[in-house]
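# A structural walkthrough
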Amino acid sequence: MALRIEHGDITKYGVDAIVNAANSSLLGGGGVDGAIHRAAGPELLAECKTLGGCPTGEAKITKGYNLMAKWILHTVGPIYNENRKDECEELLKSCYKNSIALALLNECKSIAFPLISAGVYGYPKVEALDIAVSCIQRFADEMDTVIVLFDAEAYEIAKRNYSELIA
Ligand code: AR6
């Protein structure tokens, strides 16, 4: 198993599947979701419209269209709420677990993940990264995996807490 952490833009990764931190409509938005829709092109939205949305913690797959990645695994992270920490943690773990299960079902050997919920949805980045690393190590053992961190703050946290995973 090989998990690494890199600073970059997930839309540029030529892996079998990239994960999208979507919302439950699956009809696009800001952040990484907006970047993926822009890079993949309008056919992505057309396919997403056929999926009927996605509940929080679950995942759905589409083609990658103009991306180098073959597939996009759309998952919906929890909106962070300090008063419901345990529930948020379980839902975030489910995002990783269900995305990885869907990747395995589609014979993916490599996946790139963003830091799900750690932007607009407000999940504290330190905890979000701990959950990402532990779930990927647990469930994606036989795949080549990368966590792609876009913002400098998240990457600084990774350098501090997971220096062994940084190339
Ligand atoms: N590559 C990798 N990571 C990125 C990129 C990129 N190109 N762009 C942003 N990030 P967010 P969420 C990072 O807000 O918190 C959308 O509107 C970003 O720095 O994209 O799950 C959806 O439609 C952050 O660390 O997703 C939903 O409505 C991480 O991706 C909502 O936002 C996640 O930030 C989902 O919120």
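The following refers to the structure shown. What you see is a predicted model; the values in this text were computed from it and never measured. (Residues numbered from 1 in each chain as written. Predicted model: local features only at pLDDT ≥ 70, side-chain atom pairs only at ≥ 80, totals over all residues. Heavy atoms only, no water.)

## Examining unusual backbone geometry
For the record, the criterion: Each helix corresponds to a stretch of at least 4 residues labelled H or I by DSSP, and each strand to a stretch of at least 2 residues labelled E; elements are numbered beginning at the N terminus.
Unlike most non-glycine residues, Tyr-65 shows phi in positive territory, near 50°. Positioned with a positive phi, Glu-107 is a non-glycine residue whose angle comes to about 60°. You can see Glu-107 is positioned in the loop between helix H3 (85–105) and strand E5 (110–113).

## A closer look at the site of the ligand
Definition in use: Residue proximity to a molecule or strand is established when one non-hydrogen atom of the residue lies within 4 Å of it. Any pair of N or O atoms that falls within 3.5 Å is considered a polar contact. Within protein, one atom must be able to donate a hydrogen and the other to accept it, and sequence-neighbouring residues count only if both atoms are side-chain atoms. Method for areas: the Shrake-Rupley scheme with a 1.4 Å probe, in which residue coverage is limited to the protein chains shown. A 1.4 Å probe that fits but cannot get out identifies a cavity on a 1 Å grid over protein atoms alone, an open set with protein on both sides within 12 Å along at least five of seven lines counts as a pocket, and a residue lines either if it has an atom within 4 Å of a point. Cavities and pockets are treated as containing a molecule whenever more than half of the molecule's atoms lie within 2 Å of their grid points.
Among the 22 residues in the neighbourhood of the ligand, the closest are listed as Asn-23, Gly-30, Val-32, Asp-33 and Val-120. Contact distances for the ligand include 2.9 Å between a nitrogen atom and a side-chain N or O atom of Asp-9. Residue Ser-117 places a main-chain N or O atom 2.9 Å away from an oxygen atom belonging to the ligand. Protein burial of the ligand: of its 700 Å² of free accessible surface, 92% is covered by the chains. When each cavity is represented as a set of grid points, the ligand is found to reside in the largest pocket. Secondary-structure elements contributing two or more residues to the shell around the ligand are strand E2 (17–22) and helix H1 (31–40). In terms of residue count, H1 provides more of the shell around the ligand than any other element does, four residues in total.

## A closer look at the pattern of salt bridges
Two side chains that carry opposite charge are able to pair once their charged atoms sit near each other. Stated formally: Any carboxyl oxygen of Asp or Glu that lies within 4 Å of a side-chain nitrogen of Lys or Arg is treated as forming a salt bridge with it. Think of it in three bands: residues with accessible area under 20% of the maximum for their type are buried, residues over 50% are exposed, and the middle band is partly exposed, with areas taken using a 1.4 Å probe on protein chains only.
This model, assessed by the stated rule, comprises eight salt bridges. Across the pair Arg-4 and Glu-6 runs a salt bridge whose closest N-O atoms are separated by 2.7 Å. One salt bridge in this structure joins Lys-125 and Asp-151, with 3.4 Å as the shortest N-O distance. Here Asp-151 lies in the loop between strand E6 (144–149) and helix H5 (152–161) and Lys-125 lies in helix H4 (residues 125–139), a separation of 26 residues in the sequence. Relative accessible area serves as the criterion here: at 17%, Lys-125 is assigned to the buried category.

## Digging into the layout of surface pockets
So the rule is basically this: Grid points are joined across faces, edges and corners, and a volume is the space filled by probe spheres set on the points. Each residue is assigned to one of three groups, with Ala, Val, Leu, Ile, Met, Phe, Trp, Tyr, Cys and Pro labelled nonpolar, Asp, Glu, Lys and Arg labelled charged, and all others, Gly among them, labelled polar.
Its boundaries defined by the atoms lining it, the largest pocket holds a volume of some 540 Å³. Only E2, H1 and E6 provide two or more residues apiece to the lining of the largest pocket. With four residues, H1 is the single largest residue contributor to the lining of the largest pocket. Across the lining of the largest pocket, the residue classes break down as 15 nonpolar, eight polar and four charged.

## Re the side chain of Ser-110
Here Ser-110 lies in strand E5. At 2.9 Å, the side chain of Ser-110 forms a polar contact with the backbone nitrogen of Asp-16.

## As for the packing of H1 against helix H2 (residues 42–49)
Put simply, the test is: Only the stretch in contact is used when a helix axis is fitted, and all axes are lines through C-alpha atoms; the angle between N-to-C directions ranges over 0 to 180 degrees. Comment on the angle field: the value is read as roughly parallel under 35 degrees, roughly antiparallel over 145, roughly perpendicular from 65 to 115, and oblique elsewhere. It only takes one pair of heavy atoms within 4.5 Å for two residues to be counted as in contact.
Where H1 contacts H2, the two axes come as close as 6 Å, and the packing angle between them is 115°. Between H1 and H2, the interaxial angle falls into the category roughly perpendicular. Contacts between H1 and H2 involve Ile-36, His-37 and Ala-40 on the former and, on the latter, Leu-44, Leu-45 and Cys-48. When grouped by side-chain class, the residues that make up the contact of H1 with H2 number five nonpolar, one polar and no charged.

Such coordinate-based values are descriptive only and should not be taken to indicate function.
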